[in-house]
Amino acid sequence: MNGKTILVVEDDLRILDVLEKLLSANSYQILTAANGQTALQMIHSHCPDMVLLDLGLPKLNGLEVLQQVRQWYDRPIIVVSAHGLEKEKVRALDLGADDYITKPFGASELLARVRTAFRHHNVQESGVSNPDSSYSVDGFLIDYDQRKIFVDGEEIHLTTMEYNIVELIAKHHGQVLTYDYILKSLWGPYCAEDKTKILRVNMVNIRRKIEKPQAAPRYILTEIGVGYRMATE
Amino acid sequence: MTREKRRITSLGPDGRLLSNLGADATVFIGSGIVALLANLAVGSPFLVPAFMACGPVGATVLTKSEGHGAMTAVLAAIVSVWAQGDHIRHPSLMFLLLLLAYMALVLFVGGHLRRLVDNLYEMRKKHRQEKLINDINQRILTSRANDSLELLTLESLCELTGKPGIIYRRTENGIESVCMIPRWQIVYPTEQSAAETAFATGQRCGLGTEQYSSSSYLYIPIIAQNKILAVAAIRFGVDNHPDEEMATAIDLIIRQCALAMTRKDLVDEQHKIVMQSEKEKIRNDFLRAISHDLRTPLAGIISACTTMQESREQLSAQAQTELVQDIHTEAQWLLRMVENLLSVTRVTGGADMLKKSLEPVDEIIWGAVERIRLRYPESTVMVNTPEEVLLAEMDGTLIVQVLTNLVENAIKYSDSAEPVEVSVRPDNGFALFEVLDRGKGLDKETMANLFTATTIRSHAGGNGLGIGLSICRTIVEAHGGKIAGRNRAEGGAAFSFTLPMEELS
């Protein structure tokens, strides 16, 4: 993983400085761009392994950069956005961003997102020939072959719909999936908007079954207004 | 609109229809009585219908022109007497005398009747006008703030004169007609420029004045305190100048209207000032509270930083770590504070700033609990949700913030290590959220102004309760819910809020 190039697009020079220090310290090669225009040129000329893209950029905003670049650039893009701009995050994910991270973020959080994005990208690159047959985190285990779920060794009985939702999220563990993405993956691309309600209610039921009662969820995390994320170690 | 139309047409084209009918009837009856008297004297039965028939004819003409009326009355007398064939063939002196006396009588009675009718008509007209003006005054004076004074004035003028009219006001597009009776009149360029002239000069123009005298409208500026508020245009028609009485009445209405408009402007202005100062006060209180709350952690950060910069060598590794940790904690707190403030600007920016969608309340609670777990890993939060899945329309991030604030307060201020309970249940079409702790509860002073921005509970190491709660209230109320705080009977504080809920079908 080391030696990979990350283009950091950020107009706030102080944050850019910190990110550069942090990522360099973790053996990534860093390229920087302070506005959307430069970012586009850098992506074209250097083709970095990953882009860390701030959405609020001068000249050409992050969403526009994303839209233009996504037509040909297939490496991970992580979007950086401010708190409270959920619509913007959903839009970025729908436009093909791999993940997002909300400003301000902790160092470990950022590094975890970067690693997750690289891992998913590698899985995609290597093709579906050798997909994981199961995923486990913190006492939770999902066996894709048997279509079974275990929490602390005990099997949890889910409906088919519930299982499909969990499987989808588990296969993208660490990555946030928007409601829209989940709906389209499970019900097809022409799925009606009102299915959201069904998905949300299903999710409440899933979590009641798999999470510990009367406590914060550990496995499936809510990104309010955006979607769901399966926890990683 | 239909109301004033009906009133205007019922007056007839010149407002004299009713008085004509009255005069007719009076003269008709008068002639009848005279004819009856004559009949008694002459003894002919034909006289009665003849006179009765001639009466109205004479009367109709009488009301229009005095001379003709007299002539017709005399003619009527002669014709009706001539119809008495016998008397023509054998005229007697007695009959001729009677005829002359009768003619005189008709003229005399007719003249008097005419004057009587005229007086009656004048009196009634005056009375009606007075009543109308009174009504109009009443209406203008009692007009509510949101009534259109222009329309009211125009209605009154049209009712008084029985003529069509237009009111012009100054808008951002220049001088424009703001209301018309009847609607859909076309304003020709000359009329427009006449109205503009009235605005520019503050003088009447149009019909009967020096400027635009060929216009069929009379343009009257409505002026109060040297300010031209509007221009009323009344279409009297080219040959139809308003008489003196009408002019006085119009003046009266215009003056009343000017008064009412000024009063309305004053009331509006005053209202604005009151609102402004109220807003200012709230903002000042809020700013004062925020500044205080922001200063405390900033002071902590700055002192930690300077300590690190100036005496790093003397500090142990552990002390250094602790200082950095302090900076981190304070900065985190500041960030949450700013997030809270930002969400207030979102809520107070109007209902459409809320990004509402249907959310299961379970997820909202979990969202809040996840955030709390990140900030306070050692604390325990118990969650109680009902069997059925409750859904409510809300701006998810904001409600998570409310819950997070409440739970955070419970953890920080309760002085208790007991778990904080978060529960939700349906309550009469609302989702009722509760945050319960087992701490020392709220003292009287805190209870008194719990949700106002100025409350700051000064606790060792704690700050921001007041603003946090006032922000919670703003958010909850923007969603159409209510928030409350109380002490629990079994000890500890309880905060609850409601959100309108959708039943899951």
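Summary of the structure given here.

The rules behind these values
- Residues numbered from 1 in each chain as written.
- Chains lettered and ligands numbered in written order.
- Predicted model: local features only at pLDDT ≥ 70, side-chain atom pairs only at ≥ 80, totals over all residues.
- Heavy atoms only, no water.
- Helix = DSSP H or I, 4+ residues; strand = E, 2+ residues; numbered from the N terminus.
- Buried < 20%, exposed > 50% of the residue type's maximum accessible area, 1.4 Å probe, protein only.
- Contact = heavy atoms within 4.5 Å.
- Areas by Shrake-Rupley, 256 points an atom, 1.4 Å probe, with all protein chains shown as cover.
- Pairing = 2+ DSSP bridges.
- Axes fitted to C-alpha atoms, helices over the stretch in contact; angles between N-to-C directions.
- Phe/Tyr/Trp six-rings, centres within 6.5 Å; stacked < 30°, edge-to-face > 60°.
- Lys NZ or Arg CZ within 6 Å of the ring centre and 35° of its normal.
- Buried area = accessible area lost by both parts, 1.4 Å probe.
- Salt bridge = Lys/Arg side-chain N within 4 Å of Asp/Glu carboxyl O.
- Polar contact = N/O pair within 3.5 Å; in protein donor to acceptor, adjacent residues only side chain to side chain.
- Nonpolar A, V, L, I, M, F, W, Y, C, P; charged D, E, K, R; others polar.

### Here's the deal with the overall build of chain A
Assigned secondary structure in chain A consists of eight helices and twelve strands. Burial analysis of chain A (233 residues in total) assigns 50% to the buried set. For chain A, the share of sequence-separated contacts (at least 6 apart) that also reach a separation of at least 24 residues comes to 58%. Just so you have it, chain A exposes about 10900 Å², and 49% of that area is on carbon and sulfur atoms.

### Here's the deal with the environment of leucine 436 of chain B
Residues and elements named next belong to chain B. Along the chain, leucine 436 falls in strand E10 (residues 430-436). The buried category is assigned to leucine 436, whose relative accessible area is 11%. Separated by 57 residues in sequence, leucine 436 and alanine 493 have C-alpha atoms that sit 6.0 Å apart. Other than its neighbours up to four places away in sequence, leucine 436 contacts Pro419, Val420, Glu421, Arg488, Ala493 and Ala494.

### Things to note about the sheet that holds strand E1 (residues 5-9) of chain A
Residues and elements named next belong to chain A. Overall, parallel pairing links the five strands, which are arranged E2-E1-E3-E4-E5 in an open sheet. Among the strands making up the open sheet, the edge pair consists of strand E2 (29-33) and strand E5 (99-103). Averaged over all pairs of adjacent strands, the angle between their axes in this sheet comes to 20°, without regard to strand direction. For strand E4 (residues 77-82) and E5, the ladder comprises five bridges, and the chain directions are parallel. In the strand pairing of E5, valine 79 is matched with tyrosine 100.

### A short note on the pairing of strand E8 (residues 391-394) of chain B
Residues and elements named next belong to chain B. Relative to E8, strand E6 (residues 357-360) is paired through four bridges, and the arrangement is antiparallel. Bridge assignment links leucine 358 to a residue of E8, and that residue is glutamate 393. Sheet topology note: the E8/strand E12 (residues 493-502) ladder contains two bridges and is antiparallel. Paired with alanine 392 across the two strands is methionine 501, which belongs to E12.

### A few points about the packing of aromatic side chains
All chains considered together, the criterion is met by seven aromatic pairs over all chains. Taking 5.5 Å as the distance between ring centres and 70° as the angle between the ring planes, the aromatic pair formed by tyrosine 179 of chain A and tyrosine 228 of chain A counts as edge-to-face. Taken together, the residues span a long stretch of sequence, with tyrosine 179 of chain A in helix H7 (residues 179-187) and tyrosine 228 of chain A in strand E12 (residues 227-230) at a distance of 49 residues. Pair check on accessibility: tyrosine 179 of chain A and tyrosine 228 of chain A agree, each one buried. An aromatic cluster of at least three residues, connected via ring pairs, comprises Tyr168, Tyr217 and Tyr219 of chain B. The ring of tyrosine 144 of chain A has lysine 171 of chain A sitting right over it, with the charged end atom 4.9 Å from the ring centre.

### Examining the interface of chain A and chain B
In this assembly, 24 residues from chain A lie in contact with 31 residues from chain B. With both chains or domains summed, chain A and chain B bury close to 2300 Å², and 57% of this area falls on carbon and sulfur atoms. One can count four salt bridges joining chain A with chain B. The salt bridge partner of arginine 200 of chain A is glutamate 359 of chain B, with a shortest N-O separation of 2.2 Å. Between the two partners, chain A and chain B, sit eight residue pairs in polar contact (both at pLDDT 80 or more). A total of eight residues in the side of chain A that touches chain B trace back to one element, the largest contributor, which is helix H8 (residues 195-210) of chain A. Considered class by class, the residues forming the side of chain A that touches chain B number twelve nonpolar, five polar and seven charged.

### A short note on the sheet that holds strand E5 (residues 227-235) of chain B
All names here are of chain B. One open sheet accounts for five strands, arranged E2-E1-E5-E4-E3; its pairing is antiparallel. The two strands at the open ends of the sheet, each matched to only one other strand, are strand E2 (174-181) and strand E3 (205-206). Relative to E5, strand E4 (residues 217-224) runs antiparallel, the two being bridged by eight bridges. Note that in E5 the partner of isoleucine 223 across the bridge is isoleucine 228.

### Regarding unusual backbone geometry
Residues lysine 103 of chain A and proline 104 of chain A are joined by a peptide bond in cis, for which omega reads -10°. Topologically, proline 104 of chain A is positioned in the loop between E5 and helix H5 (107-125). Across the junction of isoleucine 181 of chain B and proline 182 of chain B, the peptide omega takes the value -10°, indicating a cis bond. Following the sequence through the fold, proline 182 of chain B ends up in the loop between E2 and helix H8 (189-201). In this structure, aspartate 138 of chain A takes a positive phi of about 50° despite not being glycine. Looking at the element boundaries, aspartate 138 of chain A is found in the loop between strand E6 (134-137) and strand E7 (140-143).

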